[in-house]
Amino acid sequence: MYAFCVSKRFQLEHCWVILRKELKWQFEHASQHQRSNKKQKSHFNASLASSTPSTPDSVSLGEDSEPLIYQDRLIGQKAANERLIHRQGKDKVGKVTVTNLLQQFRDTLVEIEDQKKQDRKIMLEQQAMMIQQSQEKQELDKIEKEEQIIKMDISNFDPISAAYFQNRKLEIMQKRGFNF
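Residues numbered from 1 in each chain as written. Predicted model: local features only at pLDDT ≥ 70, side-chain atom pairs only at ≥ 80, totals over all residues. Heavy atoms only, no water.

1. Structural notes on the overall build of the protein chain
Filter applied, for reference: Secondary structure follows DSSP: runs of H or I at least 4 residues long count as helices, runs of E at least 2 residues long count as strands, and numbering of each begins at the N terminus. Working definition: with a 1.4 Å probe on protein chains only, accessible area under 20% of the residue-type maximum means buried, over 50% means exposed, and in between means partly exposed. Residues count as neighbours in contact if any of their non-hydrogen atoms are within 4.5 Å of one another. Per-residue accessibility takes into account occlusion by the displayed protein chains alone, with areas from the Shrake-Rupley method and a 1.4 Å probe.
Scanning the protein chain from N- to C-terminus turns up 7 helices and 2 strands. Starting at the N terminus and ending at the C terminus, the protein chain contains elements arranged as α-α-α-α-β-β-α-α-α. Expressed as a percentage of the 180 residues in the protein chain, the buried residues total 12%. Within the protein chain, residue pairs in contact and separated by at least 24 positions form 44% of the contacts whose partners lie at least 6 positions apart. Within the structure as shown, the protein chain displays about 15600 Å² of accessible surface, and the carbon and sulfur contribution to it stands at 56%.

And the structure:
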């Protein structure tokens, strides 16, 4: 059909093999076929209508293709909006829809703000937990170092170092509640 109309071979046949069963192309082909049967203007359309027996529900696209079954094509965004406008009436669309859209927008903003507040609260709680964990780790490190000082054998140290570590041991023991 393309070669007859354009006088050259169709170059995108590999695409057609993939897309031929899609609703869009079935609908387009069906509407073209129905128009050609109604008008009978061109010689090609008349010969196509008489040479290929078909029912109103199916069309054969050639020897290797399966017959296509016409189905309702999905409506587009513009068509859906136009239908909505015609159903609701022009006065309602101008006032009610805009008011509804503004209310939805406000509700969405409120939800976003609430989500931001919750996110901030969660973030602050996580930061507080991290700070607390860091402080606990520092405390444990300090206790571990004090334990090492308490267990230290100072008999082999020089007199100054031995005196320093002896005083540190006494401070740690007093801090923990041991009296000497």
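Still more ground to cover, so stick around.
2. A word on the pattern of salt bridges
Filter applied, for reference: By definition, a salt bridge exists where a carboxyl oxygen of Asp or Glu is found within 4 Å of a side-chain nitrogen of Lys or Arg.
Across all of its chains, the model carries 5 salt bridges by this definition. Here R176 ties to E146 by a salt bridge, and the two come within 3.4 Å at their closest N and O atoms. With R176 in the segment after α7 (159–175) and E146 in helix α6 (residues 90–151), this residue pair connects regions lying 30 residues apart in the sequence. You can call R176 partly exposed: its relative accessible area is 33%. Residue R176 pairs with E147 through a salt bridge whose shortest N-O separation is 2.5 Å. Residue R176 is found in the segment after α7, and its partner E147 is found in helix α6; the two are separated by 29 residues along the sequence. The class of E147 is partly exposed, set by a relative accessible area of 29%. If you follow the salt bridges from partner to partner, you end up with E146, E147, K175 and R176 in one network.

3. Thoughts on the side chain of E146
Overall, the relative accessible area of 6% leaves E146 in the buried class. Once you skip the residues sitting within four places of it in the chain, E146 turns out to touch I172, K175 and R176.

4. Focus: the packing of aromatic side chains
We apply this condition: Aromatic pairing here means that ring centres of Phe, Tyr or Trp (its six-membered ring) are within 6.5 Å. Orientation follows from the plane angle: under 30 degrees is stacked, over 60 is edge-to-face, and everything else is tilted.
Counted according to the given criterion, the structure contains 3 aromatic pairs. Relative to F10, the ring of Y2 has its centre 5.0 Å away and its plane inclined at 70°; by these criteria the two rings are edge-to-face. Overall, Y2 belongs to the partly exposed group, its relative accessible area being 36%. Taking the centre distance of 5.2 Å and the plane angle of 75° together, the rings of Y164 and F165 count as edge-to-face. Linked through ring pairs, F157, Y164 and F165 together constitute an aromatic cluster.

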